[in-house]
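The chain contents come next:
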Amino acid sequence: PGGLATYDPGFVNTASCRSAITFIDGDEGILEYRGYPIEQLAEHSTYLEVAYLLLNGELPDREQLDDWVHEVTYHTFLHENLKQFIQGFRYDAHPMGMLMASVSALSTFYPDARDVLDADARKLQITRMIAKMPTLGAFAFRHGMGRPYVYPDNDLSYTENFLAMLFKMSERKYNADPRLVKALEVLFILHADHEQNCSTNAVRSVGSSQVDPYSAVGAGIGALYGPLHGGANEAVLRMLREVKTVDRIPEFIDGVKNGKEKLMGFGHRVYKNYDPRAKIIKKACDDVFEVTGVNPLLEIAMELEKIALEDEYFVKRRLYPNVDFYSGLIYEALGFSPEMFTVLFAIPRTSGWLAQWEELITDKEQKIARPKQIYTGYRTRDFVPLDQR
Ligand code: SDX
C-alpha cells in the first residue's frame, strides 16, 4: 500500500500496454486512480481535481488547482462555426452521434493539435477538450429539445455551468440545487477513467498513429456509443420499462437464462464482484431522489438486483451490477432524456481518455498499435478461372 505496483514479467506479452493511471482488482472490487481509492475521491474531491490527478499523477495544491480551474473555465466556449455545424444535424439526431462528430470536427479548428510531440500543444488541447465537452453535450441536448443553446457562464463551477447550459430557461441566473451538483460531481468522478476498457483502447489505438487528440477521442466516443459499453445505461432504463412491474421480474429472468435477454447493467469484463462505482451511485440515488422524488423504476431495479444476486445463473457467472445499473435512474430523475445518458458518461471519461492518450504519446517504447491475429483462413492456393468455378 502507498508504494509502486509490481507485475509478473510473463504477463507483459499479453498486456496491450503499461499504465500507471488506474488500478482495478476485479475479484476484490477495487478501483484506484493514481493509487487513491475511488470511495475517498468520490467523498472528498471534485471532478476537475480528479481530472488534474489523472492527468498529472498527483493531487494539486491550492495554487495548482486554482490555475487549472481558471484554464479550463477560459476554454468553455465553442467557435461559432462549430455551433453552426451542430445546428446542421437533423432535429432528432442522437446526441452521441452529434458529440462524436463535433469532437472530431474540433480537429479542423486547431492546426496546432497535430503537434502531438510538443508538450505545450498537448496541454492546450487537453485543457480545451475537457473544457468544451460539457458545452458540446449541452448544445446537443438543447438541439434535441428544439431550444436555443445556452452559452457557458464562467462564473459557475464546471458542473453548475453544465446544468445551467442544459436546463436554463430564462434570463435569470440558473441556481442548481447543491445536492444535484454534488451528485453530478460524484457521477463525473466515478466515470472519469477505468483502465483499458473498450473506448480507452480505441483512443490509445487511434492515438498511437500520432493523429491529433480530437480524432483519437472521437474514436473513443464511437466505442462508448455501443450498448455493450457506455450505451448500457440507456439500455437499462429500456429494460426496466419492459419489465414494467415487480411481479414480471421472474418471467424476465427466465428470458435472460434462456439467452433471449441480457440483464443490462450487470456483468463486467473485469469485475467478478460488485463494481465499487455501482455501490456509490446507489447511495447518490438517495441524495438526488430527495430533490427530484424517487424514480418509480428504482423499486424494479432493486428487486431485480436482489433476485439476480441470489440466483445460481448469475452467481455461477459472477455477474454483479456495474456502473451502468443505477446511473440511468439518476439521470432520468435529473431530467435527461435516455439518449443523453451516454453523453453524461463521455463528458467525464474525456479526462481519463486524455490521461491515457498523454501516457501513450510520451511512452518512448510505445509503437503504433498492431494487434496480433490467429490466422484461420486458407493458405496458398492457385487462382481458378471464372468458367471453372
Ligand atoms: C461498461 O471495460 C470497462 O471497464 C467498461 C466500463 C468502463 O467504465 O469503461 O466499466 C463501462 O462498459 C460497463 C459494462 C456495461 N455493459 C452492460 O451492462 C451490458 C450488459 N453486460 C454484458 O453484455 C457483459 O457483461 C459485458 C459485455 C459487460 C461483459 O461481457 P463478457 O466479457 O462476455 O462477460 P463474461 O465473459 O463475464 O460472460 C460470462 C457469462 C456468459 O454466459 P455463458 O456463455 O458462460 O453461458 O455470463 C453471461 C455471458 O453470456 N453474461 C450475461 C451478462 N453478462 C454476461 N448474461 C446475462 N446478462 C448479462 N448482462
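Residues numbered from 1 in each chain as written. Predicted model: local features only at pLDDT ≥ 70, side-chain atom pairs only at ≥ 80, totals over all residues. Heavy atoms only, no water.

### Brief notes about the sheet that holds strand 2 (residues 30-33)
- Taken in spatial order, the three strands line up as 1-2-3 in an open sheet, and their pairing is antiparallel. The open sheet terminates on both sides in strands that have one partner only, identified here as strand 1 (22-25) and strand 3 (36-37).
- In this structure, strand 2 lies alongside strand 3, joined through two bridges in antiparallel fashion. The residue of strand 3 that forms the bridge with Tyr-33 is Tyr-36. (Pairing = 2+ DSSP bridges. Helix = DSSP H or I, 4+ residues; strand = E, 2+ residues; numbered from the N terminus.)

### Overview of the pattern of salt bridges
- As enumerated under the stated definition, the model contains 19 salt bridges in all.
- Between Glu-80 and Lys-83 there is a salt bridge, with its nearest N and O atoms 3.9 Å apart. With Glu-80 and Lys-83 both in helix 4 (residues 80-87) and three residues apart, the pair spans about one turn of that helix.
- When its relative accessible area of 35% is taken as the criterion, Glu-80 is described as partly exposed.
- Residue classification places Lys-83 among the buried residues on the basis of a relative accessible area of 17%.
- The network of salt bridges with common partners includes Arg-18, Asp-363 and Glu-365. (Salt bridge = Lys/Arg side-chain N within 4 Å of Asp/Glu carboxyl O. Buried < 20%, exposed > 50% of the residue type's maximum accessible area, 1.4 Å probe, protein only.)

### Things to note about helix 17 (residues 341-361)
- Compared with an ideal rise of 1.5 Å per residue, which puts 21 residues at 30 Å, helix 17 spans 30 Å between its outermost C-alpha atoms and is within 8% of the ideal.
- Where helix 17 bends most, at Arg-349, the angle is about 40°.
- With 20 of 21 residues buried, helix 17 lies mostly within the body of the structure. (Expected span 1.5 Å × (residues − 1). Bend = angle between axes of the 7 residues up to and from the residue.)

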